[in-house]
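Overview (structure and organization)
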Amino acid sequence: MRTTDTPSRSPSLDLPERLGAVAVRPGDRRYDAVRHTYTRLGSPGAVLLVRDARDIAAALAHVRGAQVPLTARSGGHGISGWSTNDGGIVVDLSRLNAVEVLDSRSGLVRVEAGARWGEVAAALAPYGLALSSGDTGDVGVGGLATAGGIGLMSRLHGLTIDHMRAAELVLADGSVVRTDGEHDPDLFWAVRGAGANFGVATAFEFQAEPVRDVTVAVTVYDATDTAAFLTRWSAAVEAAPRAVTSFLTLVTGAGGRAVAQATTVYAGTDAEAVRTALAPLLSAGRVLRNQAFATPYHQLLPAGHEPQHAQQPLSVSRSGLVNHITPPAAEHITALLETAGMVQLRSVGGAVNDAPPEAMAYSHRTQNFSLMAATVPALRDDLDQRWERLHPHLNGLYLSFETRTGPQQLEDAFPGAVLDRLIALKSHYDPDHLFDNNFALPSVRFPH
């Protein structure tokens with residue numbers, strides 16, 4: 001299997017009448033708005049704005065006959081860039097965007113895969129409910145919900161996939177299934193972490209949590225002594241109450257000095273509890289600016305109308321998970337800043353690590369941080385050299401922030417027996433490897 005940062009090219013294609021009715025092709029005035037992703041330019045032969053599962057089944061049948069690349073995307077922005085292609089079919093789910101509260105008392109909700117998380121947050125807010133789901137409102141539900149979902153309340157409420165109770169998919173043969181812990185449980189296991197390999201997800205049922213107002217602190221630090229700052233900040237996060245989740249972004253500021261900005265969410269508004277919980281984080285480094293305020297949770301994820309497709313120059317990204325930010329790991333993370341335009345650490349741990357690692361395909365339940373570094377294509381090789389030196393200090397990979405695909409990335413994402421089980425399930429649910437454009441599983445285990 002090749003390792004690459006760019007999609008493959010395929011010849012142009014013709015479409016049957018049913019798909020032609022929902023297709024956006026080159027030359028259509030709408031084409032430029034749907035051809036790209038947030039980070040990657042694409043030139044698909046057609047983007048299908050599907051209306052229902054029958055349209056999706058027709059698209060899958062056509063792709064099997066035409067032998068062109070197939071990409072499914074939920075319609076929002078994404079970092080990895082694998083939601084477009086060149087010359088193939090993009091099944092765009094953005095029209096399937098309903099959000100329904102099935103039971104307000106228990107928090108059971110049904111969300112279609114083409115909704116965006118800002119829309120979900122706004123729809124659940126009147127019921128006093130929320131799902132921890134990333135940090136950007138224009139991310140599509142389907143991509144995040146099948147990969148993980150590291151959100152602004154992860155340490156208290158876990159990953160988005162930890163709250164999934166059922167999923168609806170169109171499989172490679174065109175059949176429509178609903179899978180949960182009792183119906184096709186192996187498929188339900190695989191969907192939660194490797195869903196892009198098994199079908200086109202159209203909707204999910206989630207158990208939302210009772211959440212209303214939260215407290216947000218936005219803190220800018222002088223991180224000149226970057227490695228020392230990272231070890232102090234990460235230790236403070238690990239020791240913090242579970243109500244605290246913090247995302248830290250590092251950039252190189254004026255004069256070549258590192259500057260860090262932390263967005264920290266405390267899931268509550270009790271002023272004394274907030275002060276006590278956040279004080280150790282504020283002591284991690286010299287604070288240049290700090291602002292804290294209470295807000296309804298849904299205000300953190302404003303529902304954007306259109307993602308900024310192909311406007312992000314930092315289109316090469318590397319992803320890893322870390323148990324602890326040790327001093328050696330901190331030194332290697334600091335070195336990334338010499339070539340990366342941005343380095344980000346997102347806290348996990350807490351409730352994320354309560355789930356048994358065997359419960360679903362996403363099995364990373366010992367780590368406390370997700371790490372991402374992004375750069376421009378011209379600096380890819382330099383970033384990769386620094387990343388290789390960091391790699392021994394990592395423990396796993398979060399697929400949503402990685403733009404490479406290949407044996408190393410898949411084995412990092414799905415370690416040991418997890419990958420073996422996924423390969424076996426792939427041969428059952430997708431024997432012809434129709435769904436191979438997004439971190440494709442191989443037919444057999446990679447040789448060592």
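Basis of the calculations
- Residues numbered from 1 in each chain as written.
- Predicted model: local features only at pLDDT ≥ 70, side-chain atom pairs only at ≥ 80, totals over all residues.
- Heavy atoms only, no water.
- Core = buried A, V, L, I, M, F, W, Y, C linked by side-chain atoms within 4.5 Å.
- Buried < 20%, exposed > 50% of the residue type's maximum accessible area, 1.4 Å probe, protein only.
- Contact = heavy atoms within 4.5 Å.
- Pairing = 2+ DSSP bridges.
- Helix = DSSP H or I, 4+ residues; strand = E, 2+ residues; numbered from the N terminus.
- Axes fitted to C-alpha atoms, helices over the stretch in contact; angles between N-to-C directions.
- Salt bridge = Lys/Arg side-chain N within 4 Å of Asp/Glu carboxyl O.
- Arc of directions from axis to C-beta.
- Parallel < 35°, antiparallel > 145°, perpendicular 65-115°, else oblique.
- Nonpolar A, V, L, I, M, F, W, Y, C, P; charged D, E, K, R; others polar.
- Phe/Tyr/Trp six-rings, centres within 6.5 Å; stacked < 30°, edge-to-face > 60°.
- Lys NZ or Arg CZ within 6 Å of the ring centre and 35° of its normal.
- pLDDT = per-residue confidence, 0-100.

Let's shift gears to the nonpolar core. As a rule of thumb, soluble globular proteins bury nonpolar side chains together. Residues L48 and L422 are the most contacted members of the largest nonpolar core, which totals 91 residues. Other than its neighbours up to four places away in sequence, L422 contacts W189, A190, A194, F198, A361, F414 and L441. Listed in part, the 40 residues of the second largest apolar core include A223, A240, V322 and L371.

Okay, the sheet that holds strand β15 (residues 286-296) next. Strand order in the open sheet formed by 7 strands is β15-β12-β14-β13-β17-β18-β16, and the pairing between neighbours is antiparallel. Looking along the sheet, the strands with just one partner apiece sit at the ends: β15 and β16 (316-322). Averaged over all pairs of adjacent strands, the angle between strand axes in this sheet comes to 15°, irrespective of strand direction. Strands in contact with helix α8 (residues 226-239) are β12 (213-222), β13 (244-252), β14 (258-266), β17 (342-347) and β18 (369-375); relative to β13, the strand with the most contacts, it is inclined by about 170°.

Time to look at the pairing of β12. Side-chain direction in a regular strand flips from residue to residue, so the side chains alternate between the two faces of the sheet. Here β12 lies mainly inside the structure; 8 of its 10 residues are buried. Two elements, β12 and β15, share 10 bridges in a ladder whose sense is antiparallel. Of the residues in β15, the one forming a bridge with D213 is P296. As judged from the 8 bridges shared by β12 and β14, these two strands associate in the antiparallel manner. Counterpart to Y221 in the pairing with β14 is A260.

What follows concerns the pattern of salt bridges. Applying the stated rule across the entire model yields 25 salt bridges. For E112, the salt bridge identified is with R110, shortest N-O distance 3.7 Å. On the basis of relative accessibility, which here comes to 16%, the residue E112 falls in the buried class. Put simply, E338 and R386 hold a salt bridge, and the shortest N to O gap is 3.2 Å. Here E338 is found in the loop between α10 (327-336) and β17, whereas its partner R386 is found in helix α11 (residues 380-390), with 48 residues between them in sequence. Given the relative accessible area of 61%, E338 is considered exposed. A residue is classified by how much of its surface remains accessible, and R386, at 15% relative accessible area, is buried. Here the salt bridges share partners, and the residues they tie into one network are R18, R51, D52, R54 and D55.

Below, the discussion takes up the sheet that holds strand β1 (residues 23-24). Taken together, the 4 strands give an open sheet; going across it, the order is β1-β2-β4-β3, and neighbouring strands pair in mixed fashion. Of all the strands in the sheet, just β1 and β3 (70-73) have a single pairing partner and so form its edges. Where strand β2 (residues 46-49) meets strand β4 (residues 89-92), 4 bridges bridge the pair, whose relative direction is parallel. Residue V47 lies in a different strand from β4, and its bridge partner there is V90.

Turning to α11, its buried residues number three or more, namely L383, D384, R386, W387 and L390. In a view along the axis of α11, the buried residues occupy a sector of 170°, so they form one face of it. Considering only its buried residues, α11 is in contact with β16, α10 and β18.

Our focus in this paragraph is the packing of α10 against α11. Running from N to C, α10 and α11 point in directions that differ by 175°, and their axes come no closer than 9 Å. Relative to α11, α10 is oriented roughly antiparallel. Across the interface between the two elements, A329, H332, I333, A335 and L336 from α10 touch L383, R386, W387, R389 and L390 from α11. Of the residues in the contact of α10 with α11, the class split is 7 nonpolar, 1 polar and 2 charged.

For the rest of this paragraph, the subject is the packing of aromatic side chains. Following the criterion strictly, the structure yields 7 aromatic pairs and no others. In this structure an aromatic cluster arises from ring pairing among W117, F204 and F206. Above the plane of the ring of F188 lies R192, whose end atom (NZ or CZ) is 3.9 Å from the centre.

Here we come to the environment of R18. Residue position: R18 is located in helix α1 (residues 17-20). Considered as a pair, R18 and A58 are 40 residues apart in the sequence and their alpha carbons are 7.8 Å apart.

Right, let's get into the confidence of the model for the protein chain. Of the residues in the protein chain, 93% have a pLDDT of 70 or more, and the chain-wide mean is 91. Confidence drops under pLDDT 50 across residues 6-12; counting only partners more than four residues distant or on other chains, this segment forms 16 contacts.

Structurally, L156 can be placed in helix α6 (residues 154-157). In this view, L156 contacts R242, A243, T245, A267 and A351; residues no more than four positions away in its chain are not counted.

Looking now at unusual backbone geometry. One non-glycine residue, H433, lies in positive phi territory at about 55°. Relative to the assigned elements, H433 resides in the segment after α13 (417-429). With phi around 55°, F439 is a residue other than glycine that occupies positive phi space. In this structure, F439 sits in the segment after α13.

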